[in-house]
Amino acid sequence: MSILVYTETENGQLKKSAFEVASYAKAVADQLGEKAVAVTINAESTNELANYGIDKVLEVKNDKLAKFSADAYAETLKNAAKQEGSKVVVLSQSANAKYLAPLLAVDLEAGYASNVTELPQTDGGFTVKRTAFTNKAFNQTSIDTDVKIIGLSNNAFGLKENKSELEKIEFEAQVSDENFGINVESIDKNTDKVSIADAEIVVSGGRGLKGPENWGMIEELAEVLGAATACSKPVSDMGWRPHAEHVGQTGKPVASNLYIAIGISGAIQHLAGVSASKTKVVINNDDEAPFFKAADYGIVGDAFEVVPKLIEKLKEFKANNA
Amino acid sequence: MKILVCISHVPDTTSKINFTEDDTKFDTNGVQFVINPNDEFGLTRAMWFKEKQGASVDVVTVGGKDTEPTIRKALAIGADTAIRVDTEALEGFQVAKELAKVAKDGGYDLIIAGRESIDYNGGMVPGMLAKLIDANFINTCVSLEVDGDKATAVREIDGGKETLTSSLPLVIGGQKGLVEESDLKIPNMRGIMMARKKPLNVVEPVGANSQASTKKFEKPAPKGDIKMVDADNIDELIDLLHNEAKAI
Ligand SMILES: Cc1cc2nc3c(=O)[nH]c(=O)nc-3n(C[C@H](O)[C@H](O)[C@H](O)COP(=O)(O)OP(=O)(O)OC[C@H]3O[C@@H](n4cnc5c(N)ncnc54)[C@H](O)[C@@H]3O)c2cc1C
Ligand SMILES: Nc1ncnc2c1ncn2[C@@H]1O[C@H](COP(=O)(O)O)[C@@H](O)[C@H]1O
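Residues numbered from 1 in each chain as written. Chains lettered and ligands numbered in written order. Predicted model: local features only at pLDDT ≥ 70, side-chain atom pairs only at ≥ 80, totals over all residues. Heavy atoms only, no water.

1. Some words on the overall build of chain A
Threshold: Numbered from the N terminus, helices here are DSSP runs of H or I no shorter than four residues, and strands are runs of E no shorter than two. Throughout, the radius of gyration refers to the C-alpha atoms, and the reference size of a globule is 2.2 Å times the residue count to the power 0.38. Whether two residues are in contact is decided by their heavy atoms: any pair within 4.5 Å suffices. A 1.4 Å probe and the Shrake-Rupley method give the accessible areas. Residues count as covered only by the protein chains that appear here. Counted as positive: Lys and Arg. Counted as negative: Asp and Glu. His and the chain ends are not counted at all. The location of each charge is read from NZ of Lys, CZ of Arg, CG of Asp or CD of Glu.
Looking only at helices and strands, chain A features eight helices and 17 strands. For a compact globule of 322 residues, the expected C-alpha radius of gyration is about 20 Å, and chain A comes in at 21 Å, within 12% of that figure. Projected onto the principal axes, the alpha-carbon positions of chain A cover approximately 60 × 45 × 40 Å. Once local pairs closer than 6 in sequence are excluded, the contacts in chain A between residues at least 24 apart make up 65%. Of the roughly 12,400 Å² that chain A leaves accessible, carbon and sulfur atoms contribute 45%. Counting 33 positive and 45 negative side-chain charges, chain A places the averaged centre of each group 3 Å from the other.

2. Observations concerning the overall build of chain B
Heads up, the condition is: Each residue's exposure class comes from its accessible area (1.4 Å probe, protein chains only) as a fraction of the maximum for that residue type: buried when under 20%, exposed when over 50%, partly exposed otherwise.
Regarding its fold elements, chain B presents six helices and 15 strands. Principal-axis analysis of the C-alpha atoms places the extent of chain B at approximately 65 × 45 × 40 Å. Per-residue burial for chain B yields a buried fraction of 55% across its 248 residues. Within chain B, contacts between residues separated by at least 24 positions form 69% of all contacts whose residues are at least 6 apart in sequence. As displayed, chain B offers around 10,700 Å² of accessible surface, 49% of which is attributable to carbon and sulfur atoms. Counting 30 positive and 39 negative side-chain charges, chain B places the centres of these two groups 6 Å from one another.

3. Overview of the packing of aromatic side chains
Residues and elements named next belong to chain B. Here is the rule: Side-chain rings of Phe, Tyr and Trp, where Trp is taken by its six-membered ring, are said to pair if the distance between their centres is within 6.5 Å; with planes under 30 degrees apart they count as stacked, over 60 as edge-to-face, and otherwise as tilted.
For the structure shown, the criterion picks out 16 aromatic pairs over all chains. When the ring of F19 is compared with that of F26, the centres are 6.3 Å apart and the planes differ by 65°; the resulting orientation is edge-to-face. This pair shows no difference in class: F19 is buried, exactly as F26 is. Pairing W48 with F49 gives two aromatic rings, centres 5.6 Å apart and planes at 80°, and the pair type is edge-to-face.

4. Here we look at the UniProt feature "binding site: FAD" (unreviewed entry) in chain A
Residue and element names in this part refer to chain A. Stated formally: UniProt positions are given in the numbering used here, feature names are shortened, and annotations may be inferred rather than shown by experiment.
Using the residue numbers shown here, the UniProt feature "binding site: FAD" (unreviewed entry) corresponds to R207, G263, I264, S265, G266, A267, I268, Q269, H270 and N284. For R207, the location among the structural elements is in the loop between β13 (201-205) and α4 (216-225). Taking the relative accessible area as the measure of exposure, R207 reaches 53% and is therefore exposed. Not counting chain neighbours up to four residues away, the residues in contact with R207 comprise S232, P234, V235, M238, W240 and G263. Along the chain, H270 falls in helix α6 (residues 268-274). With near-sequence residues (within four places) excluded, H270 lies in contact with S204, S232, V247, G248, Y259, I264 and F291.

5. Some words on the interface of chain A and chain B
Let me state the cut-off plainly: Take a side-chain nitrogen of Lys or Arg and a carboxyl oxygen of Asp or Glu: if they are within 4 Å of each other, that pair is a salt bridge. Throughout this description, a polar contact denotes any pair of N or O atoms lying within 3.5 Å of each other; where both atoms belong to protein, one of them has to be capable of donating a hydrogen while the other can accept it, and for residues adjacent in sequence the pair is counted only when both atoms sit in side chains. Here the term charged refers only to Asp, Glu, Lys and Arg, the term nonpolar to Ala, Val, Leu, Ile, Met, Phe, Trp, Tyr, Cys and Pro, and the term polar to all other amino acids, Gly among them. Two strands qualify as a pair provided that DSSP identifies no fewer than 2 bridges between them.
The interface of chain A with chain B comprises 83 residues on the first partner and 71 residues on the second. At the junction of chain A and chain B, the tally comes to nine salt bridges. With a closest N to O distance of 3.5 Å, D107 of chain A and K131 of chain B form a salt bridge. At the junction of chain A with chain B, the criterion picks out 47 residue pairs in polar contact (both at pLDDT 80 or more). At nine residues, helix α3 (residues 95-107) of chain A tops the list of elements feeding residues into the side of chain A that touches chain B. Here the residues of the side of chain A that touches chain B sort into 35 nonpolar, 28 polar and 20 charged. Pairing between strand β12 (residues 182-189) of chain A and strand β11 (residues 160-167) of chain B: seven bridges, direction antiparallel. Across the sheet, V184 of chain A pairs through a bridge with L164 of chain B, a residue of β11 of chain B.

Structural data, given as structure tokens:
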């Protein structure tokens with residue numbers, strides 16, 4: 001028996017979210033008195049997993065898996081879970097993990113709970129806390145199957161350092177042509193920018209910025225902070241910014257450590273999608289903007305004055321704290 | 001082409017969320033229900049296929065009689081037939097199994113579902129359904145073309161996009177981008193009148209069991225007071241973010 005965790009890589013490197021799910025899997029393993037076993041696909045090095053309490057890693061090296069395939073990756077994880085007799089499988093909530101999780105659930109006849117924010121309660125049953133109604137509420141869900149799959153919300157658990165003896169084992173993916181019903185024709189990825197899903201800090205602009213030509217300062221602020229850029233829905237609807245930047249209830253969810261909202265009023269649909277972020281800062285020239293009720297820090301002021309000053313001060317701060 | 005659009009019936013995005021019966025049930029009192037926004041984009045794309053390439057469009061929901069106005073709205077938008085599987089939607093796996101029966105019976109080429117429902121945000125049903133009926137599956141789909149028995153789709157990935165091709169039958173988890181906001185149609189009077197005459201078939205559930213169950217709902221803890229910082233005192237904000245929030 002074991003707790004299995006899928007630790008994702010990007011260009012062969014383990015992602016930060018991989019260490020978060022590893023930390024979580026280790027905590028669940030301790031709770032249940034089991035071992036924490038990771039699976040990596042085409043990782044260059046898995047050494048770092050020893051900093052987060054992983055006991056064993058199944059290293060898959062397979063050229064067929066060079067590009068992500070939900071079906072083939074799910075198949076690989078199924079085979080790993082079967083071999084390890086895993087009762088709990090932990091995944092992140094990256095786009096790829098969310099894509100493969102339901103397939104894996106059917107393969108393993110497992111109950112799957114997504115958007116989980118805390119460790120399970122395991123006295124008696126197996127209950128997890130997950131967000132519902134786009135962060136307007138939480139739901140205590142009991143998973144009633146023998147095998148359970150947990151999708152852990154990004155940044156919900158954090159990294160927990162925990163030294164371990166890491167055993168490395170080669171693992172055969174055991175995928176076949178049948179797992180490749182979908183062909184990846186091309187990938188268009190912005191590699192020099194952090195994505196909203198992976199970002200610790202997100203800088204977001206709304207209609208208050210007046211037009212696309214004013215996004216220079218938003219980009220610059222994001223660059224200083226190493227942040228991803230996002231926007232409210234009308235901004236992407238009007239074509240000021242790409243759709244992929246639209247966040248909120250009907251856009252991308254944001255669960256960053258820091259969310260900075262500039263010229264965004266804080267409509268219920270916007271707040272729903274971003275409120276999982278830990279710290280929220282609002283910059284708005286209307287002191288009655290609803291966002292002030294949902295934020296931790298606020299500045300009432302004109303974005304065109306405040307943001308350049310903020311950039312300048314942050315540059316000084318970064319220089320002094322480097 | 002035979003298209004099935006899976007519709008989940010969800011509280012309108014502005015709804016205040018409350019619970020009853022000791023926080024075990026969602027309080028539907030005064031709540032307006034709508035077609036899940038992700039499904040509305042998919043339905044509108046299905047109407048595009050119908051107009052431009054010729055297709056029949058069925059819509060399906062798993063739910064009680066209270067969901068009928070929602071699927072009637074899909075008929076008013078232009079779907080041909082509605083199917084309601086007469087059982088309460090309890091959980092993703094159970095819903096997927098109920099939908100799998102409808103999908104198999106109908107022999108659809110394309111099944112359009114949404115990336116996630118905005119109520120329980122499971123993001124489970126489309127993938128499970130695809131696996132159960134042995135169809136290909138593409139999630140977070142923002143563009144979809146079909147040519148003969150081949151589909152070309154664009155999927156949103158973290159930090160970019162991916163172009164994929166697949167044979168049919170195909171299930172997608174769709175979202176905005178399949179069509180634009182401005183393409184969404186508010187049903188007109190004629191559509192509403194015609195919808196009354198279109199078939200709404202109520203089918204018996206297979207009685208799929210659940211694999212997970214809601215024990216209790218909770219509201220988020222009330223927010224502490226906001227700290228206001230003067231626009232002339234940016235240093236204070238940086239200090240708070242660094243030392244108090246530990247966010248930078
Ligand atoms: C079904 C549905 C789904 C939706 N989903 C989403 C969603 O997912 N995400 C989303 O964002 N919205 C969503 N919306 C839209 C939402 O209701 C709001 O309309 C939208 O969030 C408003 O965007 P905004 O804050 O950028 O613009 P506005 O509401 O116009 O706010 C602009 C703000 O900028 C401030 N401002 C103006 N000038 C300045 C200045 N110089 N300096 C500083 N501040 C300034 C103003 O005081 C104002 O508060 C949805 C709506 C519906 C009906
Ligand atoms: N009760 C239901 N009836 C029909 N389709 C559903 C139902 N629940 C979910 N779906 C479909 O599955 C998608 C994802 O839902 P979920 O997995 O609940 O987040 C929705 O956008 C719908 O297309």
